[in-house]
Number of protein chains: 2
Amino acid sequence: MLSLEQLREITRQSESKIVLLVIDGLGGLPKLDTGKTELETARTPNLDKLATKGICGLTEPVSPGITPGSAPGHLALFGYDPTKFEVGRGILEALGIDFDLKKGDVAARGNFCTIDNKGLITDRRAGRISTEENAKLCNKLSRIKLDGAQLFVTPVKEHRFLLVFRGEGLSGDASDSDPQQVGVAPLSIVGYSAKGRKTAKLANEFSAKAKAVLADSHPANMVLLRGFSQHPNLPTMNEIFKLNPAAIAAYPMYRGLAKLVGMKVLNTGPTTAEEFDTLVKHYAEHDFFFIHVKKTDSTGEDGDFDAKVQALEEIDRLLPKITDLNPDVLIVTGDHSTPALLKGHSWHPVPIVLYSRWCRADKAQKFGETACASGGLGRFPAVEVMPLAMANALKLTKFGA
Amino acid sequence: MLSLEQLREITRQSESKIVLLVIDGLGGLPKLDTGKTELETARTPNLDKLATKGICGLTEPVSPGITPGSAPGHLALFGYDPTKFEVGRGILEALGIDFDLKKGDVAARGNFCTIDNKGLITDRRAGRISTEENAKLCNKLSRIKLDGAQLFVTPVKEHRFLLVFRGEGLSGDASDSDPQQVGVAPLSIVGYSAKGRKTAKLANEFSAKAKAVLADSHPANMVLLRGFSQHPNLPTMNEIFKLNPAAIAAYPMYRGLAKLVGMKVLNTGPTTAEEFDTLVKHYAEHDFFFIHVKKTDSTGEDGDFDAKVQALEEIDRLLPKITDLNPDVLIVTGDHSTPALLKGHSWHPVPIVLYSRWCRADKAQKFGETACASGGLGRFPAVEVMPLAMANALKLTKFGA
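Reading the values: the criteria
- Residues numbered from 1 in each chain as written.
- Chains lettered and ligands numbered in written order.
- Predicted model: local features only at pLDDT ≥ 70, side-chain atom pairs only at ≥ 80, totals over all residues.
- Heavy atoms only, no water.
- Least-squares fit on C-alpha atoms with pLDDT ≥ 70 in both.
- Buried < 20%, exposed > 50% of the residue type's maximum accessible area, 1.4 Å probe, protein only.
- Helix = DSSP H or I, 4+ residues; strand = E, 2+ residues; numbered from the N terminus.
- Contact = heavy atoms within 4.5 Å.
- Pairing = 2+ DSSP bridges.
- Polar contact = N/O pair within 3.5 Å; in protein donor to acceptor, adjacent residues only side chain to side chain.
- Core = buried A, V, L, I, M, F, W, Y, C linked by side-chain atoms within 4.5 Å.
- Salt bridge = Lys/Arg side-chain N within 4 Å of Asp/Glu carboxyl O.
- Arc of directions from axis to C-beta.

## Focus: the relation of the copies chain B and chain A
Working step 1: With an RMSD of 0.3 Å, the operation that places chain B on chain A is a rotation of 123° combined with a shift of 0.0 Å along the axis. On this basis, the relationship between the two copies can be described by a three-fold rotation axis.

Right, here's the structure in full:
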């Protein structure tokens, strides 16, 4: 694998266009009665046609056995080694709601939660309160004053909010107060460095004051904080790949991930059809498009095999909106697997199909886990998808003399 | 590949159990007349059933083309990158006989050998003298006095003994006296650093005195030393994987390797049946078991194709002792290949089958080199076996936000 610095030296700008369709949680596991995964169960004639024309394989988002979060899964697909570039949960949350982060800001993901009269957590999500209620409570919490830093408390969705500290000498080097379980009290936050300890002190002070402010707001009568982090300052895709990249994603977090690597985020409606229409509308303006479809992951997380199958069939039905544009390189893959049988992200490698005029097609004629396992791309690290995309778009020059 | 530090952060303790059956030297090469390897020739209905239910592939113990010794082959399977963690032969020998190594000790593997009256080696193993004779000679050698270090000479088996220097400022940074061939004299040992030179000086002094002590002990009239080394202080499997691991191995070296990564070594009888019975007996007490079967490697080293086939058939016959326990994850693989046709370890990748409820089975229906080459795991580094095992045992949490 070339370093980003080595890659940068061989990339070149050109007219050709790359479309990367990321079907979140694409990979699955076979149902016992049929022996077929969600993708293998779905009727996907357009994806199968692409598999027939293209070259298939399985990507390892991080490495064998490792279940990736959304950030590592996407960073890998964007060409960034996820074991080297780590993105904190707080930063993701901030990017996803367009929070205007300044240099040095520390962000954390906040959850409203419920505690009982002994202070023990009974619900880590406060019964998923409404986003409106969340906004009211965030408004109250915003009035908290801390010694040594400015404070921003911004609602995200349901029980989730963003906490940002703005001050001198802070870092994300601090633990979580969220114990990730019920029946225990929120944890005291500790810092792992001088700057981290300053963050921890602010965070513990904030938690104590929030508890007082929220005392009468049952079920949202406490906060849990996690993922203290600062902007990772990644080199942009433009710097490395000389692309003018755009992102089409209905969900905030994925827009945030795209911004992290310098993509322009396009306004889009929330449905897959609207996302694909957004691509059509802006197709002339960019040479790289990342399109993110979320529903496959959410249905997988819900353990709803059939709903995931339907979501896949919907994508397939809409695929001609993309293929009719004849992008020079079209890649369809996922950021990780989310088998309905496991009701969550998993470590299983992810189907991928790449089509370009120069792809050296393999024998795969069906887009599915089994067919992809015998595909011409084999099983390979997701971080190598971008170099492959760039090569197939004839945007890479020779490496070495 | 995650670092051990990154892995440690996502491992969690749970009730599920992992059994790793290592068939030493498992991989082979096809006989010209049948086109089948030892494993493909053997009648292995139970392994084939496992291949049908599970997912198959080929592991690269170190990397393509590299023939591993026993230590790298096993360290990789235990999750330790064998190119980063090197274990000297002397240390292995010491661990295998339960020698109580102290911090700073330098250990070497010793062979009694035969030299002629010109001092040239005629037999590197002194006709494989009896272990009793070995013990008597070690007793004599133990009385040698050296300037600047204590000396321990301990019999191992047949012609093999362990030499340990205990003193200040020593290291394993020294060459071997064993030239690995006959017809030449034992080599003078050189050190590659100040501490290594101190070791070399002691070792050369020991060799000279041993030659005098053994003058009348033909065929064991000289010693050869190799693998000067110190304890590598590896992080334990408990620290990294939060496992309570146990090892079942009839041969000392493999018990030594297991101890090196913190496994508890279980007492076992020497046959494969007894080893498997030991697993059954202790199954409740641990969540990870490494079982080592040696015979496939020894028969391969002897170049005895048919005997290796028989050893494989014996393992297959006994396999239900393991499968009847229904471990959550069962992995059968080898530490390297030992093709009978090559009469030694080889670089060829090693068949692996992994079964768990979540393995995403492939189409392989036979446990053999050819079937595994088309398996769903593909060809992958052996160091990734442990993350895969942990994932399939649902003992890993998500990596990254």
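Still more to cover.
## Some points on helix α4 (residues 70-77) of chain B
Residue and element names in this part refer to chain B.
Working step 1: Within α4, seven of the eight residues are buried, leaving the element largely enclosed by the surrounding structure.
Working step 2: Within α4 the residues assigned to the buried category are Ser70, Ala71, Gly73, His74, Leu75, Ala76 and Leu77.
Working step 3: The inward-facing, buried residues of α4 abut β1 (18-23), α5 (89-96), α9 (252-260), β10 (288-293), β11 (329-333) and α15 (385-392).
Working step 4: Positive phi shows up at Gly79, right after α4, with a value of about 100°.

## Some remarks on the sheet that holds strand β13 (residues 378-381) of chain B
Residues and elements named next belong to chain B.
Working step 1: Strand order across the open sheet formed by eight strands is β9-β8-β10-β1-β11-β12-β2-β13, with mixed pairing between neighbours. Each end of this open sheet is capped by a strand with a single partner; those strands are β9 (264-265) and β13.
Working step 2: Judged from the six bridges that link them, β1 and β10 form a sheet pairing that is parallel. Across the sheet, residue Leu21 finds its bridge partner in β10, namely Ile291.

## Regarding the side chain of Asp335(B)
All names here are of chain B.
Working step 1: Examined against the element boundaries, Asp335 turns out to sit in the loop between β11 and β12 (350-355).
Working step 2: Within the local environment of Asp335, its side chain forms a polar contact with the backbone nitrogen of Gly25, the two atoms lying 3.1 Å apart.
Working step 3: Side chain to side chain, Asp335 and His336 meet in a polar contact 3.2 Å long.
Working step 4: Among residues more than four places away in sequence, those in contact with Asp335 are Val22, Ile23, Asp24, Gly25, Pro61, Pro68, Ser70, Gly73, His74 and Leu77.

## Comments concerning the nonpolar core
Working step 1: Core analysis: the biggest nonpolar cluster contains 63 residues, and Phe78(B), Tyr80(B), Met237(B), Met263(B), Phe288(B) and Phe290(B) have the highest contact counts within it.
Working step 2: Excluding anything up to four places from it in sequence, Met237(B) contacts Phe78(B), Tyr80(B), Lys242(B), Leu243(B), Pro245(B), Val261(B), Met263(B), Phe288(B) and Met386(B).
Working step 3: Formed by 54 residues, the second largest nonpolar core is a distinct cluster that contains Phe288(A), Val329(A), Cys359(A) and Ala401(B).

## So, the pattern of salt bridges
Working step 1: Per the stated rule, a full pass over the model turns up 34 salt bridges over all chains.
Working step 2: For the salt bridge of Asp98(A) with Lys259(A), the shortest nitrogen-to-oxygen distance reads 2.0 Å. Placement of the pair is Asp98(A) in the loop between α5 (89-96) and β3 (106-115) and Lys259(A) in helix α9 (residues 252-260), with a sequence separation of 161 residues.
Working step 3: Residues Lys209(B) and Glu205(B) are paired through a salt bridge, measuring 3.3 Å at the closest nitrogen-oxygen approach. In this pair, Lys209(B) and Glu205(B) are both assigned in helix α7 (residues 194-213), four residues apart and thus about one turn of the helix distant.
Working step 4: Using a relative accessible area of 22% as the deciding quantity, one classes Glu205(B) as partly exposed.
Working step 5: Because the salt bridges share partners, they merge into one network encompassing Glu93(A), Arg109(A) and Arg160(A).

## Points about helix α10 (residues 272-282) of chain A
Residues and elements named next belong to chain A.
Working step 1: Of all the residues in α10, the buried ones are Thr272, Glu275, Phe276, Thr278, Leu279 and His282. An end-on view of α10 places all buried positions within 150° of arc, on one side of the element.
Working step 2: For α10, the elements touching its buried residues are β1 (18-23), β8 (245-249), β10 (288-293), α12 (305-318) and α13 (320-323).

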